[in-house]
Amino acid sequence: MREFKSAGTDRRSFLKGAALVGAGVAATGLAAACSPSSPDDGKSESPTGSSGGDGPKGYVKAHWTWEDVPEPITDAEDGGSADVIVVGLGNAGVHTSLSCVENGLSVLAFEKSEWVQARGGSTGSCESHLHREADLHVNRDRAQYLWIRSSGNRVNEELVQQWFDRSGEALDWMWANVQHVDPGATQALISAWGKFEWFPEEPDNCSTQAGPDFEVPDEVYAIEFAPGFKFFYMPTAAHFKLLKDEHADKFTATFNTRVVQLVKEGDRVTGVITEDESGAHKKYTGTKAVVLTTGGIHDDSEMMECYVEEFTANALDNQFAPPGFSTGDGHKMAMWVGAAMQGKPFPPMLHPQALAIFHGPFMFVNTKGRRYMNEATWVQGKAVQFMLQPKGFSYSIFDDNYDRDNADSLNYGGGMFWDSLSGVQGVPFDRDAMRTEIEGYITNGVGFKADTLEELADLIGEIDKEAFLAQVAQYNADCEAGRDSQFCKDPRMLYPIVQAPFYAMRNGGTMMSIVGGIKMTKRLECLDTNGEVIPGLYAAGNVSGDFYAQDYPIHVSGTSTSRCLTWGYLLGKFISGAE
């Protein structure tokens, strides 16, 4: 059983700090859903305790609960109709709804929680007005190539190109709406302090984030996303306010209501069956489309077991708040009407922001006191390696020259979490702020400071002291020789650990989301297991697939929220026939 602890913080709050210092369900298509098997004696158990036997001799097909397609609900009361049914009101659902009504469509939207769910750090884009105003230009052909390569060439390249072509336009649309809602709102252009010439995966463009003066409507804080943690993603707040205040004639949102089945008549998805808190069912018809925007799977342990690599269970926390809602509802309902999922494993979005955020390009050791990687690498790579270590975390070790050394390293590398996230474009790197941050980690118990390396090992406590001291000696010798004998790190980033006091930051990986889902066309239509379009069924956000694969590219930052924005923006145009 996979369990993640929710965290009372988020990337956006860190960034702000950095900036300041037949009617019914078709029982088809599940054969390709999830069928892991293993060569054994034919007696292995499936995750649910049952076993199949339709594979080759010696293999057992695991049975997953969603393979049991529910009987169609046929006695639901008629609830009405609209041009578009939107299932889920998070980032993707709200953006989709606004684009649809702006393109002349009526929308009925359903959300199983008591309020809009929306969170995120920053919104990436390619060549938005922000880039033009700052005279920053993305090498989009190179960036797109790196995206596809880091995804193991397992993505739908038309979808990736569509994001590069249209994300700037979508961000411009969003920001015009934000300023319409709050003319005094400001935005910050977030970029890496440095650029890594050896490892091109680090951010190669900039993302945008709202300034702290945006007035989020009070009602969005109707629920806490985690104990003591109230947070709402600015673009979605603005778009939902527009929907309520200016498009109430075409938009209706119903909360505390689950969509439990899709209605399929012939080959076409024509509507949904909902279930309210009393258990009563209603049928709603979408005359033009049903759009799934139900989020990811990371709150469903069985789907995680099926679709995601095992090491992700070592995430120290889950910062995709509120916990408990990303249970793969849309994935399952889509499979029940024949939809195909993208290939496994689904890519996890991981950030090395559990415990102390700062780690820089300095030496990492695990609890065995051993170094295990080239530390001057990118966000996802660090998070994965943290999670693969004993106990799922690591230590960044450096001396009292760390502020000078980190500033120097930005001449050759950098990026998110290298320098405590990234900085506002044009604002110089602040060494004094870094020292304040490090002292804060020490106060909070995730950082350690000592006058000798021996004392530092004793303060850490759980580390193999003898191995640790030998590792530091080896590392210092490599720094003096100008060559990393263990992992070939760029010699310009070999900073010796010699000047007291000495520091250790405890670093761990955070699960942000799982970003895999239904196979898609360029027009965001869902595909069945034969590769054919399922008429009437669309998807956006983390339930949609084929945009990410194998890994979560970070050389273009802020793309998860941007995919929600861009796909939502385009869906109104596609469904209405405007494009």
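Residues numbered from 1 in each chain as written. Predicted model: local features only at pLDDT ≥ 70, side-chain atom pairs only at ≥ 80, totals over all residues. Heavy atoms only, no water.

Thoughts on the pattern of salt bridges
This structure, assessed with the given rule, holds 23 salt bridges. A salt bridge links R431 to D403, with the nearest nitrogen and oxygen atoms 3.5 Å apart. Residue R431 is found in helix α11 (residues 431–443), and its partner D403 is found in helix α10 (residues 402–409); the two are separated by 28 residues along the sequence. With a shortest N-O distance of 3.3 Å, K519 and D546 are connected by a salt bridge. Of this pair, K519 sits in the loop between β16 (502–514) and β17 (525–527) while D546 sits in the loop between β18 (533–539) and α14 (559–576); the two residues are 27 residues apart in sequence, bridging distant segments of the chain. Residue K519 is classed as partly exposed on the basis of its relative accessible area of 31%. (Salt bridge = Lys/Arg side-chain N within 4 Å of Asp/Glu carboxyl O. Helix = DSSP H or I, 4+ residues; strand = E, 2+ residues; numbered from the N terminus. Buried < 20%, exposed > 50% of the residue type's maximum accessible area, 1.4 Å probe, protein only.)

Description of the pairing of β16
The buried fraction of β16 is high, at 13 of 13 residues. Two elements, strand β10 (residues 317–318) and β16, share two bridges in a ladder whose sense is parallel. Looking at β16, one finds that D317 is bridged to T510. Alignment of strand β11 (residues 348–355) against β16, held across six bridges, turns out to be antiparallel. Bridge pairing links P348 to I514 in β16. The pairing of strand β13 (residues 393–398) with β16 spans six bridges and is classified as antiparallel. Note on β16: the bridge partner recorded for S396 is M505. (Pairing = 2+ DSSP bridges.)

Here we look at the side chain of D83
Structurally, D83 can be placed in strand β1 (residues 77–87). Notably, D83 is buried but unbridged: the nearest opposite-charge side chain belongs to K288, and the N-O separation is 5.4 Å. (Lys, Arg positive; Asp, Glu negative; His and termini not counted.)

Notes on the packing of aromatic side chains
Counted by the stated rule, this structure contains 27 aromatic pairs. Ring centres 6.1 Å apart and planes at 85° place the aromatic pair F240 and F251 in the edge-to-face group. A residue pair is termed long-range when its members are at least 10 positions apart, and F240 in helix α6 (residues 234–246) and F251 in strand β6 (residues 251–254) qualify at eleven residues. These aromatic residues form a ring-pair network of at least three members: W147, W163, F164, F547, Y548, Y552 and W567. Over the aromatic face of F393 sits the side chain of R506, whose NZ or CZ is 5.6 Å from the ring centroid. (Phe/Tyr/Trp six-rings, centres within 6.5 Å; stacked < 30°, edge-to-face > 60°. Lys NZ or Arg CZ within 6 Å of the ring centre and 35° of its normal.)

Focus on helix α2 (residues 91–102)
For α2, built from twelve residues, the straight-helix expectation of 16 Å at 1.5 Å per residue is met to within 8% by its first-to-last C-alpha distance of 17 Å. When you tally the buried positions in α2, you get eleven out of twelve residues, the bulk of the element. Those residues of α2 that fall on the buried side of the exposure criterion are N91, A92, G93, V94, H95, T96, S97, L98, S99, C100 and V101. G104 occupies a position one or two residues after α2 and carries a positive phi of about 85°. (Expected span 1.5 Å × (residues − 1).)

Quick word on the confidence of the model for the protein
Per-residue pLDDT for the protein averages 83, and the proportion of residues at 70 or more is 80%. Predicted confidence for residues 1–33 stays below pLDDT 50, and this span has 105 contacts to residues more than four positions away or in other chains. Of the regions scoring below 50 in pLDDT, residues 196–203 engages in 41 contacts with residues more than four places distant in sequence or in other chains. (pLDDT = per-residue confidence, 0-100. Contact = heavy atoms within 4.5 Å.)

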